[in-house]
Amino acid sequence: MSVETTLITQGTRLSLRRAPRKTTMLVNDDAVAVFDSAGFAYLVNVDIGGQEFWMTFDTGSSDLWVVSSDCEDTDCLGIPTYSPSASSTLSLSDKPFRLAYLSGSVHGSVGTETITFGLYQILSQTFALANGTSGLDLKDNGNSGILGLSFPPAASIQPTWGTTVLDNLFSHLDESDRFFAFKLGRNVSDPNATDSSFTIGELDSSIITNTTGTTTQPTYFPVFQTAASPYDYWKLPILNLTVNAIQLPLSRSLVRGAPSPIGVLDTGTTLILGPTVDVNAFWAVVGTGGSARYNSQTKLWEVRCDRGVDVRITLGQGERAWEYAIHPEDISWAEGGERDGWCTGGMQANDGINSGDWLLGDVFLRNVYVVHQGATSSHPPMIGLMSLTDPQTSLIDFQNARGSDPAPLPSTLSLNHSNQWNADVVATVLCALGGFLLGGLATLYYKVRRRSRKSSDTGYDYIKDGIHEVWRENNIQQQIRMENRGGHMGS
């Protein structure tokens, strides 16, 4: 079925599986697609010019690119590659393609090719043929490229050179079917398990229908957009973040015009990434009794593998808001590596996210069934979410698998310290130092923020009962983050 000849009214299902990945990298200047150490990628099966590939399923980018058989770099060895000579439908241009990553890069040329997804076929789809890659460790997960399904403004391939996959799909889908939906499986023992789901133009009935035959529909939210910018990523406002019903204060958004922090839903990111001040506050509360620590060598938060907490995040705006629970195993994330009873934290700090304030990666997304719906004549682009995690059941399952948690429950003591210190700092600075000294302190604080975190001989900073200094540092970071980036906000 060609999308260039008719409107599509029939949905299709595509194969989606998990594969391990080891590289850490930031994709694009907006740091939207992040590959995390010892994480998992979700791969989708795509046919390009009659050749099948497993490619990263990425809602945090917009380009389609595949590794060419002409690539002789070490990074390209051992994975299926696209053969230009084996295709009769390839058309190459002289337009260059290049993406630089934090630890790696890809380059090649732009062309068009026939692309097939399940029952759908797109003729002359713009894509990039990667003739060289470096530092991407593609062979570790059998990944031959990336299928980006975000909005066109996020694409690295210029819009004058061609149309993105998402635009081609949505423009040929009937309005009622103009969406794709996915569930990210959490099977740990078998990365090739089929507990993931990816459909276009239809919902997965096995997910939305319970054992009694009752159907539950996702709750829909409009994709966040500022008046000064087009839709670029699949974004939603974040209203609340709670730990065992303790509501954590969140930094104000650095996205111009945003009423609250903005989260980008990104399947190309393994973890939840957010502002340093907020992430440190989160682990200060979770880490009551010394059950969380900051590893100054890896620059990652770690948590005791038996630390079970009830974490929930509220997304939406106004009356359109809903709370979603995150499974305890996604917070104490054993898949990221376990060392002497310590696991990688499922939430980590990153202050370089310019297209939003938070990245809601796979450890959040596998707790929900997600629908990305394109704009129609009656509504803007929408995101539908249906919770898949029951907080009580998931905590019991976690304790049965990891054992009892000996640490005390998360405490509000740290929040009280934070609020009091913040009020004292504001009053002291404004009243005693004045504008001139405030500017000098801003410069000093910026240097402090850029300086490596002090650590103990073991390389770890533990959260203990006396966490006043952690909150002191966090408030300095929050002040500097707003002062140094407040004038350059936006997506």
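Residues numbered from 1 in each chain as written. Predicted model: local features only at pLDDT ≥ 70, side-chain atom pairs only at ≥ 80, totals over all residues. Heavy atoms only, no water.

1. Remarks on helix α6 (residues 391-402)
Filter applied, for reference: Numbering goes from the N terminus for both helices and strands, where a helix is a DSSP run of H or I of at least four residues and a strand is a run of E of at least two. What a helix is expected to span follows from its residue count: subtract one and scale by 1.5 Å. Relative accessibility decides the category of a residue: with a 1.4 Å probe and only protein chains considered, values under 20% of the type maximum give buried, values over 50% give exposed, and everything between is partly exposed. The arc in question is the one spanned by the directions pointing from the helix axis to the C-beta atoms. Pairs of N or O atoms within 3.5 Å make up the polar contacts considered here, provided that, within protein, one atom can donate a hydrogen while the other can accept it, and that residues adjacent in sequence are counted only when both atoms are side-chain atoms.
Taking 1.5 Å of rise per residue, 12 residues should cover 16 Å, and α6 covers 16 Å from first to last C-alpha, within 8% of that figure. The set of residues buried in α6 consists of P391, S394 and F398. End-on view of α6: buried residues confined to an arc of 65°, all on one side of the axis. A side-chain oxygen of the first residue of α6 lies 3.2 Å from the backbone nitrogen of Q392; this N-cap is D390. Taken from the residues just after α6, G403 is the one with a positive phi, measuring 100°.

2. Here we look at the UniProt feature "active site" (unreviewed entry) in the chain
The cut-off we apply is this: UniProt positions are given in the numbering used here, feature names are shortened, and annotations may be inferred rather than shown by experiment.
Those residues carrying the UniProt feature "active site" (unreviewed entry) are D58 and D266 in this numbering. Separation in sequence by 209 residues is not matched in space for these annotated residues, since their most distant C-alpha atoms are only 6.6 Å apart. Here D58 lies in strand β6 (residues 51-58). Along the polypeptide, D266 turns up in the loop between β17 (262-265) and β18 (272-274). Note on D266: relative accessible area 0%, which makes it buried.

3. Considering the packing of aromatic side chains
What counts here: Pairing of aromatic rings covers Phe, Tyr and Trp, the last through its six-membered ring, and needs centres within 6.5 Å; plane angles under 30 degrees mean stacked, over 60 mean edge-to-face, and all others mean tilted. By the criterion adopted, a ring carries a charge over it if an Arg CZ or a Lys NZ lies within 6 Å of its centre and within 35 degrees of its normal.
Throughout the structure, instances matching the rule amount to 12 aromatic pairs. Ring geometry for Y82 and F127: centres 5.9 Å apart, planes at 75°, overall edge-to-face. Highlighted residues: Y82 in the loop between β7 (64-67) and β8 (91-101) and F127 in strand β10 (residues 120-134), separated in sequence by 45 residues. For Y82, a relative accessible area of 0% gives the class buried. Overall, the relative accessible area of 0% leaves F127 in the buried class. For the pair F151 and Y231, a centre-to-centre distance of 5.7 Å together with 35° between the ring planes defines the contact as tilted. Here the residue F151 occupies a position in the loop between β11 (145-148) and α1 (165-171), and Y231 occupies one in the loop between β14 (219-222) and β15 (235-243), the gap between them amounting to 80 residues. For F151, a relative accessible area of 8% puts it in the buried group. Taken together, the ring pairs connect F57, F151, F170, F180, F182, F198, Y231 and W234 into an aromatic cluster. Across the ring face of W54, the terminal group of R17 is positioned such that the distance to the ring centre comes to 4.4 Å. Across from the ring centre of W342, 5.0 Å away, lies the NZ or CZ of R304, which sits over that ring.

4. Things to note about the layout of surface pockets
The rolling of a water-molecule-sized probe over the atoms marks out the regions of remaining empty space. Cut-off, in case you're wondering: Any residue with an atom within 4 Å of a point lines the site, the site being either a cavity, points on a 1 Å grid over the protein atoms alone where a 1.4 Å probe fits but cannot get out, or a pocket, an open set with protein on both sides within 12 Å along at least 5 of 7 lines. Grid points are joined across faces, edges and corners, and a volume is the space filled by probe spheres set on the points. Only Asp, Glu, Lys and Arg are considered charged, only Ala, Val, Leu, Ile, Met, Phe, Trp, Tyr, Cys and Pro nonpolar, and every remaining residue, Gly among them, polar. Domain delimitation follows an automatic or database domain assignment.
By volume, the second largest pocket is sized at about 290 Å³. Of all the elements, α6 adds the most residues to the lining of the second largest pocket, at 6 residues. Looking at the lining of the second largest pocket, its residues break down into 4 nonpolar, 5 polar and 8 charged. Per-domain counts for the lining of the second largest pocket show at least three residues from each of domain 1 (10-207) and domain 2 (217-416).

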